[in-house]
Amino acid sequence: MRITSLVIVLVAATALAVLGQEGTIEEAKHGAKKAGETIKNGLETVGEKTKEAAKTVGGKTKELWRDTKAYASTDRKTYRKGARQKLNDLGEEIAELKNRKSEAADPQAFESQLDTLSQQHATAKEEFAKLKTTAGTKDYADARKEFDKTINEMEDGLAQARKQLHG
């Protein structure tokens, strides 16, 4: 009788341990699933914030030219100095984007867009040279408007190119 009681107690204890482990395993599975969902949500948030940051940087870059004293300056020398710097900055950004072609969602369309930007950059350089030759003439205001228009178009094109990298 003692042996039978001992066997019953051991079987009951083993059964309880197994049931307890199954509950623990289920809890662990549920915890892991929850952790996975939390990580996934966190990564989605990081992706969204990265896209937002890229849009903000693009918008702020565009605003910087418009907000500079050079852009608004009536002094030709100050304007030309700021315009030259902006032209150089845009050229550097185009070169940087060309190095990141492999990151684009559609590399062929991205390359085509960068070719267009390079052509616009060449046009802007010609328009910049025209600013110097028209200084002091009635054609200067028109030359300046054309240069500003080209710079704005380039900034819009660069913003589109950046979106292709992040989206």
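About the cut-offs
- Residues numbered from 1 in each chain as written.
- Predicted model: local features only at pLDDT ≥ 70, side-chain atom pairs only at ≥ 80, totals over all residues.
- Heavy atoms only, no water.
- Salt bridge = Lys/Arg side-chain N within 4 Å of Asp/Glu carboxyl O.
- Helix = DSSP H or I, 4+ residues; strand = E, 2+ residues; numbered from the N terminus.
- Buried < 20%, exposed > 50% of the residue type's maximum accessible area, 1.4 Å probe, protein only.
- Core = buried A, V, L, I, M, F, W, Y, C linked by side-chain atoms within 4.5 Å.
- Contact = heavy atoms within 4.5 Å.
- Patch = residues over 30% accessible without salt bridge, like charges linked within 9 Å, V, L, I, M, F, W, Y side chains within 5 Å.
- Areas by Shrake-Rupley, 256 points an atom, 1.4 Å probe, with all protein chains shown as cover.
- Lys, Arg positive; Asp, Glu negative; His and termini not counted.
- Charge placed at Lys NZ, Arg CZ, Asp CG, Glu CD.
- Expected span 1.5 Å × (residues − 1).
- Phe/Tyr/Trp six-rings, centres within 6.5 Å; stacked < 30°, edge-to-face > 60°.

Peer 1: Looking at this structure, how should I read the pattern of salt bridges?
Peer 2: A side chain with one charge may pair with a side chain of the opposite charge, provided their charged atoms come close. In this structure the tally under the stated criterion is five salt bridges. For Glu93, the salt bridge is made with Arg162, and the minimal N-O distance between the two is 2.7 Å. Taken together, the positions of Glu93 in helix 3 (residues 76-99) and Arg162 in helix 5 (residues 140-166) put the pair 69 residues apart, joining distant regions of the chain. For the residue pair Glu93 and Arg162, the accessibility class agrees, reading buried in each case. A salt bridge links Arg100 to Glu103; its shortest N-O distance comes to 3.0 Å.

Peer 1: Looking at this structure, how should I read the nonpolar core?
Peer 2: Soluble, globular proteins show a tendency: their nonpolar side chains are buried together. Among the nonpolar cores identified, the biggest contains 21 residues, and Leu97, Phe110, Leu117, Leu131 and Phe147 are the most heavily contacted of them. Looking at which element gives the most residues to this core, the answer is helix 5, with eight residues. When neighbours within four sequence positions are excluded, Phe110 is seen to be in contact with Leu97, Arg100, Lys101, Ala104, Ala161, Gln164 and Leu165.

Peer 1: Explain a negative patch on the surface here, please?
Peer 2: A cluster of acidic residues, Asp139, Asp142, Glu146 and Glu153, forms a negative patch at the surface. Position of Asp139 among the secondary structure elements: in the loop between helix 4 (107-134) and helix 5.

Peer 1: Would you mind showing me how to read helix 3 here?
Peer 2: Three or four residues apart is the spacing at which side chains of an α-helix point the same way, because the helix has 3.6 residues per turn. Between its terminal C-alpha atoms helix 3 stretches 35 Å, which fits the 34 Å expected from 24 residues at 1.5 Å a residue. Among all positions in helix 3, only Tyr79, Arg80, Gly82, Ala83, Lys86, Leu87, Leu90, Glu93, Ile94 and Leu97 are buried.

Peer 1: Any chance you could explain the packing of aromatic side chains here in plain terms?
Peer 2: Any pair of aromatic rings gets described here by the distance separating the centres and the angle formed by the planes. Taken as a whole and judged by the stated rule, the model has two aromatic pairs. Centre to centre, the rings of Tyr79 and Phe147 are 6.4 Å apart; their planes meet at 75°, and the pair counts as edge-to-face. Placement of Tyr79 in helix 3 and of Phe147 in helix 5 is noted, with a sequence separation of 68 residues between them. Ring geometry for Phe128 versus Phe147: centroids 6.0 Å apart, planes at 50°, classification tilted. One end of the pair, Phe128, is in helix 4; the other, Phe147, is in helix 5, with 19 residues separating them in the sequence. Here the two residues Phe128 and Phe147 agree in accessibility, since each one is buried.

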